[in-house]
Each structure stands twice: as structure tokens, then as C-alpha cells.
Amino acid sequence: MPQTQFPPQRLLLGPGPSPVPARVLEALGRPTVGHLDPHFLGLMDEVRAMLQGLFQTANEMTLAVSGTGMAGAECLMVNLVEPGARVLVGVNGVFGGRLVDIAQRCGGEVVTLEKPWGQVFDQDAVIERVKDLKPDVVALVHAETSTGAHQPLERIGKAVRKAGGLFVVDCVTSLGGAPVKVDDWHIDAAYSGTQKCLSCPPGLSPITLSPRAVKHIDNRQAKIPSWYLDLSMVRNYWGAERAYHHTAPVNMLYALHEALVLVHEEGLDARFQRHRDAAAMLWEGLADLGMSRWSDPDHSLPMLNTVVIPDGVDDAVVRSRLLHDYDIEIGGGLGAGKGKVWRIGLMGHGARKPVVTLVLAALREVLAGS
Ligand SMILES: *Cc1c(COP(=O)(O)O)cnc(C)c1O
């Protein structure tokens, strides 16, 4: 007979999901109402307003796509990339590579900019390429969770706009942990996820689109090839019409709402500073243990730290001991970092001093024993 399952209490310090605060978990268990219930529609309006604050944008089209971060990625690409469109994508890790794949599936003619993993693109180099190529869409990853690289973006969007294109940004890991200034940076479309620095369970993808991006959707010739992710229909549910498209994941939206209330209570600047402080403390401790960073030290993320695994240390043994003896999850390497690095996430509710103290102490004990 199958029985009720009680998952272990893990401390989630990998690439996501991150630790979920009790208030957010409790929100998930509130009474389910209909997805057209006036109470729920009011909650959705607040989710939108709080997401606008977080994305630092006035964009009317700001909502949470049903699905995880990759659903948001796919949603923006299927809506914005028409067959034959020229798409410039920066690839310096796993997630840039996925954007290439998605853009190609949409029929885009993809040109890549490449950098070794762990490094970022020079903004002037990107801008030069944009001037040359005049792409219809330019897509970059703000926080490359596979490498720990923190891509500077603030000047690129303006150049993309000047060349007539749309600027799409993956801010899945940065949103809620570092500034994402959609309007100031001239970003036309951005997607994120709930389970990184928002410390909500996985299941929704916050997105925002500029009026230019919306106009592009209104004017496009080819029908949007995804029914579920077609924003010309989804927006009629999030907008004044409240027209049924698909049943919103009601309880997930309760959780996201509560996670956003927590962000609101803390304030963005304090939250970003807390992420930087936690990372600084982590690196002080890692340096004491003789460990070094994999990503470019001048362009590294505070919420996702890539640590070079010391020679002679068994990656799998250390991670398994952390998990089983200490209930701590850290991430292994992905792609070019596989077997070479650990990925220690200090995201959202995980970016706190007691958490850093604990993971450093556990690592010290495990390394001493291995
Ligand atoms: C986690 C992540 C994604 C994918 O999100 P899922 O929620 O796993 O679908 C996309 N991009 C980046 C940079 C990520 O860190």
C-alpha cells in the first residue's frame, strides 16, 4: 500500500530550489478558490503590481506564466521570434545554449556570441555585433547559474533598440537577489522563476514585456506556434477581460504572492545587500579552506558561487556526505564544470549568516574526513 510521504528537511544550497520560508509554505496550503473568484483576481492584481516593483518596470504586461523558468523562456521566444527572424544569442554556459535551441525551434536564424564558461561578454563587443548584424532579437543570460557569471547589461538594450531589435534577458537566478532594472536597461522582455532568489517552490515563471514587445506580438504575421504560451490569449486572463484560457495554478499564486510580500517588507536594496554580504562571508570561509572561485572574480554572482574542487577530493563523496550526514544540498558542476566545480547557492532565504556558518562548518568536517 502506498503511504503518505514525508520528505526530509534539507538545507537547499544548490542552484535551486532554494529554502522556502514557513510563511510561503503556509500560503500554499490556504483554501483553494476558483481561478475566476473575485478574491483570487484581486490577489493576481497584487502579484502583478509587486512583480512590476521587482522588475523595476511600468510594463503593463507583467505576469506569472504557469510553469517553471524554462516555460517563461519558451513563452518569450515563441511569442517574439518569428520564422526567419535573426536572433543573436550569447552563449557562455548552459542557459545561453538552451536559448539557441529554443530560438531555432521557433524558426529563428541564430547567430551566437561565445565566451569561455565562467566569463562574461564585454558590453562594447556585444554592441558592435548588434550594430553589424541588426538582429530582430538579442538574448542574453543575466545570471548564468551553470557558471556563476554575472553579465553586465545596462548599456546593451539601448543599442539593440536603436538597431530596431528586441532585447530578451534571462533573469531566472538574479531576480530578487540582485538588481534587474528592466526600464532603465531598456530590456524588452525578461523571464524568471520562483525557486531561486524568490524562495518560493518551483512552478511559476514571472515575465515582463515592454510595450514595444507587445506591439511586435500584435503585428506578427505567423501564428504563435504554442497554444498554451500564446500571450495574445494569456493576457486576456491577466487583463481586464478575465477570459478563461487555462486554469491558473491557484495555490502556487498564493505562494508567489506571499514570497513577494516578503520581498516588499524587506526592501530591494536591503535584500540585494544581504545577498552580497552572505557571499562575502562564504568566500572568506572558503579562502580559509584553501578553495578558489571558478568564475571571473570581477563578474561573479553573489547568489550562485562556483568553487573549484580541490585536487584529490572526490566530488560525489563530498556532496553525498553533505546531503546524508548534514542534510545540506549543494550543486555539482554542469557542462564544462562537471566534476570540476561545486555550485553553492545562497539564494533568497538561504542568503543568511547562520546558513553560511553551517555550510562552511560542514564542508570543513567533510573535507577533513575525506
Ligand atoms: C534555473 C534556471 C533556468 C530554468 O528554470 P527552470 O525553473 O529549471 O525551468 C533558466 N535559466 C537560468 C539562468 C536558471 O538558473
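Basis of the calculations
- Residues numbered from 1 in each chain as written.
- Predicted model: local features only at pLDDT ≥ 70, side-chain atom pairs only at ≥ 80, totals over all residues.
- Heavy atoms only, no water.
- Helix = DSSP H or I, 4+ residues; strand = E, 2+ residues; numbered from the N terminus.
- Contact = heavy atoms within 4.5 Å.
- Buried < 20%, exposed > 50% of the residue type's maximum accessible area, 1.4 Å probe, protein only.
- Disulfide = S-S within 2.5 Å.
- Near = heavy atom within 4 Å.
- Polar contact = N/O pair within 3.5 Å; in protein donor to acceptor, adjacent residues only side chain to side chain.
- Areas by Shrake-Rupley, 256 points an atom, 1.4 Å probe, with all protein chains shown as cover.
- Salt bridge = Lys/Arg side-chain N within 4 Å of Asp/Glu carboxyl O.

Draft legend 1. Local environment of the side chain of Gln-195. Along the chain, the position of Gln-195 falls in the loop between strand E9 (189–191) and strand E10 (204–209). Leaving out residues up to four positions away in the same chain, Gln-195 has contacts with Gly-16, Pro-17, Ser-18, Cys-200, Pro-201 and Pro-202.

Draft legend 2. Here's a closer look at the environment of Ala-125. Of note, Ala-125 is situated in helix H5 (residues 123–133). Accessibility expressed as a relative area gives 40% for Ala-125, which makes it partly exposed.

Draft legend 3. Representation of the state of the cysteines. This structure, assessed with the given rule, holds zero disulfides. The thiol of Cys-106 is not disulfide-bonded; the next cysteine sulfur, from Cys-75, is found 10 Å away. Accessibility expressed as a relative area gives 8% for Cys-106, which makes it buried.

Draft legend 4. Spatial organisation of unusual backbone geometry. Of note, the bond from Gly-16 into Pro-17 is cis; its omega dihedral lies within 30 degrees of zero at 0 degrees. Mapped onto the fold, Pro-17 is located in the loop between strand E1 (11–13) and helix H1 (22–28). In this structure, Lys-134 takes a positive phi of about 45 degrees despite not being glycine. Mapped onto the elements of the fold, Lys-134 is located in the loop between H5 and strand E5 (137–141). Lys-134 gets classed as partly exposed once you look at its relative accessible area, which sits at 46%.

Draft legend 5. Geometry of the site of the ligand. In the vicinity of the ligand, the contacting residues are Thr-68, Gly-69, Met-70, Phe-95, Ala-143, Thr-145, Asp-170, Val-172, Thr-173, Gln-195 and Lys-196. Between the ligand and the protein, one listed contact pairs an oxygen atom with a backbone N or O atom of Met-70 at 2.8 Å. Side-chain polar atom of Asp-170 to a nitrogen atom of the ligand: 2.6 Å apart, as the coordinates give it. Look at the ligand: alone it shows 380 Å² of surface, and the protein chains cover 89% of it.

Draft legend 6. How the structure looks around the pattern of salt bridges. Within the structure shown, the criterion is met by 16 salt bridges. The partner of Asp-124 in a salt bridge is Arg-155, and the shortest N-O contact between them spans 3.0 Å. Here the residue Asp-124 occupies a position in helix H5, and Arg-155 occupies one in the loop between strand E7 (149–150) and helix H6 (156–162), the gap between them amounting to 31 residues. Assessed through its relative accessible area of 41%, Arg-155 is described here as partly exposed. For Arg-235, the salt bridge goes to Asp-218, with nearest N and O atoms at 2.7 Å. You can see Arg-235 sitting in helix H8 (residues 231–238) and its partner Asp-218 sitting in helix H7 (residues 211–219), a full 17 residues away along the chain. By relative accessible area, Arg-235 is classed as partly exposed at 26%.

Read these as geometric descriptors, not functional statements.
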